[in-house]
Amino acid sequence: MLRSLFTGITGLRAHQTMLDVTGNNIANVNTTGFKSSRAVFEDTLSQMLKGAGAGTATQGATNPSQVGLGVQVAAITQDLTQGSTQTTSRALDMMVNGEGYFIVNVGGQNVYTRNGTFNLDPEGRLVAQGGGLVQGWAGTNGVIQSNQPIGALQLPLATTMPSRATDRVVMEGNLPFDAEVGKEFMRSIKVYDAAGTASMLEVKFTRTGTGWDVAASSATATATSTLAVDASGAVTGGNVTVGGIEIDLSTITGFANLTTVEASTQNGRSAGTLRSISVNEDGTITGVFSNDQRLDIGQIALAYFTNAGGLEKAGSSFARESTASGAPQIGVAGTGSRGGITSRALEMSNVDLAQEFTSMIIAQRGFQAGSRIITTSD
């Protein structure tokens, strides 16, 4: 009877742990990025009543007789499957679509989370819930060096994008080969000086007997050039430079019955301030400025663990590395085994309520049976 008393106690303890795990899962059913857990049982030592007997020529072998001494919790494992997507309207709400964790520095130590509910503090730093600093790479003049060490991401909210003088304009399209001599086409594009002041650059194409005359005029200068056209529609000739602005004419063609020539791009801009941000799948944070320009201002880093189930929970939806998880493999989202980042979305908990209620009933029945064993033995 003493064996059954202590065996019943092990059943109570194990099923109490199972109830604790199930209750925690149900309590976190609405926790962003939460991963459910389950208790795994195993039997304990068994008392040998009779050992196994070897067979002889006249008698077969006999099996051992053992009485188990109860149950114990072997492990509490996590279900790391992807949770459902909950869309939001905030650009700073993010989810990892696949494997990987956001990196947050709390008190000088890096911890890891699937909860992508981020905000900006008064200094423009990207922070997680509780004030932890989200880690990544800062951009310098639109260039991000993702091979450098990670650090706290700080967005230049009060920074003004400086103006830039236009020094190159690209003309693209087709000039009609069958145009009459003397036919003119006028095209214009807005350009900028070093102070960011806008003006119009005018380019006039005039049909000649052998090709086209090109006349360009800016607010301060004029210049001319010529283009030759052969029967195959190929256009040859030099670019034209006016007022320090080179006009690229190298891609213009000269086929018949088609007039599509346009000034497609120019590389100048006026000054601008940051208006909004967007986050790409690779974690790149792009700033949209008041001068309609876009500039990469940072990139969020992700960490991948060979054994993510070995992470230790640290509270506040954070986890820290352990000897079981291995060291974090830090890199760009979407590379290696790291998933992509989806902006304006959050990962919901992967708790299955139907499964948890079933587990709760099983644990309850196991607990009741264990207590009945103790009562009967008594």
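The structure displayed is predicted, hence computed values, not measured ones.

**Q** Help me get a handle on the overall build of the protein, residues and values and all.
**A** Within the protein, the secondary structure is distributed over 2 helices and 31 strands. In terms of C-alpha radius of gyration, the protein reaches 35 Å, well past the compact-globule figure of 21 Å for 378 residues. Dimensions of the protein, computed from the C-alpha atoms along their principal axes, are close to 115 × 60 × 35 Å. Put simply, the protein has 378 residues, and 38% of those count as buried. A separation of at least 24 residues holds for 61% of the contacts in the protein among residues at least 6 apart in sequence. A total of about 19,800 Å² of accessible surface is found on the protein, and carbon and sulfur atoms cover 50% of it. Charge-centre separation for the protein: the mean point of 24 positive side chains lies 9 Å from the mean point of 30 negative side chains.

**Q** Provide a residue-level description of the nonpolar core, including the pertinent values.
**A** Formed by 25 residues in total, the largest nonpolar core has its most connected members in M171, F205, I247 and L249. At the level of secondary structure, the elements contributing two or more residues to this core comprise strand 15 (168–172), strand 16 (184–192), strand 17 (198–207), strand 18 (211–217), strand 19 (222–229), strand 21 (240–242) and strand 22 (245–248). Setting aside anything within four residues of it in sequence, one finds I247 in contact with V169, M171, L201, V203, A216, N239, V240 and V242. Counting residues in hydrophobic clusters, the runner-up holds 24 residues, among them A128, I285, F289 and I297.

**Q** Account for the sheet that holds strand 21, with residues named and values stated.
**A** Read from one edge of the open sheet, 4 strands run 21-22-15-23, paired in mixed fashion. Since the sheet does not close on itself, it has two edges, and those belong to strand 21 and strand 23 (262–266), each with one partner. Averaged over neighbouring strand pairs, the angle between their axes works out to 25 degrees when direction is ignored. The pairing of strand 21 with strand 22 spans 3 bridges and is antiparallel. Considered in strand 22, the bridge of V240 is made with I247.

**Q** Please provide a residue-by-residue account of unusual backbone geometry, values included.
**A** Phi is positive for D292, close to 65 degrees, though the residue is something other than glycine. Positionally, D292 belongs in the loop between strand 25 (284–289) and strand 26 (294–304). On the accessibility criterion, D292 (71% relative accessible area) is exposed. Although it is not a glycine, S316 adopts a positive phi angle of roughly 60 degrees.

**Q** Outline the packing of helix 1 (residues 2–27) against helix 2 (residues 353–377), supporting the account with residue identities and numerical values.
**A** When two helices pack together, their arrangement is given by the angle between the helix axes and the distance between those axes. At their nearest, the axes of helix 1 and helix 2 sit 8 Å apart, and the two run at 160 degrees to each other. Of the possible angle classes, the one that applies to helix 1 and helix 2 is roughly antiparallel. The hand of the helix 1/helix 2 crossing is left-handed. Across the contact of helix 1 with helix 2, the residue classes break down as 14 nonpolar, 12 polar and 1 charged.

**Q** Residue-level account of the sheet that holds strand 17, with values.
**A** Here 5 strands make up an open sheet; going across it, the order is 16-17-18-19-20 and the pairing antiparallel. What marks the edges here is a single partner per strand, and that holds for strand 16 and strand 20 (235–237). Neighbour to neighbour, the strand axes of the sheet diverge by 25 degrees on average, direction disregarded. Pairing of strand 17 with strand 18 involves 6 bridges; the strand directions are antiparallel. Residue pairing across strands places R207 opposite W212, the latter belonging to strand 18.

**Q** Now, about the layout of surface pockets: what can you tell me, with residues and values included?
**A** In this structure, the largest pocket occupies an estimated 330 Å³ of space. Contributing to the lining of the largest pocket are 21 residues, with F34, Q78, K313, S317 and F318 lying nearest its centre. For the lining of the largest pocket, the elements supplying multiple residues, two or more each, are strand 8 (109–113), strand 27 (312–315) and strand 28 (318–320).

**Q** How would you explain the environment of L12 if you had to name every residue and give the values?
**A** Checked against the element boundaries, L12 lands in helix 1. When the C-alpha positions of L12 and Q364 are compared, they lie 9.8 Å apart, and in sequence the two are 352 residues distant.

**Q** Now, about helix 1: what can you tell me, with residues and values included?
**A** The periodicity of an α-helix, 3.6 residues per turn, causes residues three or four positions apart to be oriented the same way. Counted at 1.5 Å a residue, the expected span for helix 1 with its 26 residues is 38 Å, and the 38 Å between its end C-alpha atoms agrees. The set of residues buried in helix 1 consists of G8, T10, G11, L12, A14, H15, M18, V21, T22 and N25. Contacts from the buried residues of helix 1 go to strand 1 (37–43), strand 4 (71–78) and helix 2.

**Q** Quick rundown of a nonpolar patch on the surface? Include the residues and the values.
**A** A cluster of nonpolar side chains, namely L2, F6 and I9, defines an oily patch on the protein surface of about 320 Å² accessible area. Mapped onto the elements, L2 comes out in helix 1.

What counts as what
Residues numbered from 1 in each chain as written. Predicted model: local features only at pLDDT ≥ 70, side-chain atom pairs only at ≥ 80, totals over all residues. Heavy atoms only, no water. Helix = DSSP H or I, 4+ residues; strand = E, 2+ residues; numbered from the N terminus. Rg over C-alpha atoms; globule rule 2.2 N^0.38 Å. Buried < 20%, exposed > 50% of the residue type's maximum accessible area, 1.4 Å probe, protein only. Contact = heavy atoms within 4.5 Å. Areas by Shrake-Rupley, 256 points an atom, 1.4 Å probe, with all protein chains shown as cover. Lys, Arg positive; Asp, Glu negative; His and termini not counted. Charge placed at Lys NZ, Arg CZ, Asp CG, Glu CD. Core = buried A, V, L, I, M, F, W, Y, C linked by side-chain atoms within 4.5 Å. Pairing = 2+ DSSP bridges. Axes fitted to C-alpha atoms, helices over the stretch in contact; angles between N-to-C directions. Parallel < 35°, antiparallel > 145°, perpendicular 65-115°, else oblique. Left-handed = near helix turned anticlockwise from the far one by under 90°. Nonpolar A, V, L, I, M, F, W, Y, C, P; charged D, E, K, R; others polar. 1 Å grid on protein atoms, 1.4 Å probe; cavity = no way out; pocket = protein on both sides within 12 Å on 5 of 7 lines; lining within 4 Å. Points joined across faces, edges and corners; volume = space filled by probe spheres on them. Expected span 1.5 Å × (residues − 1). Patch = residues over 30% accessible without salt bridge, like charges linked within 9 Å, V, L, I, M, F, W, Y side chains within 5 Å. Salt bridge = Lys/Arg side-chain N within 4 Å of Asp/Glu carboxyl O.

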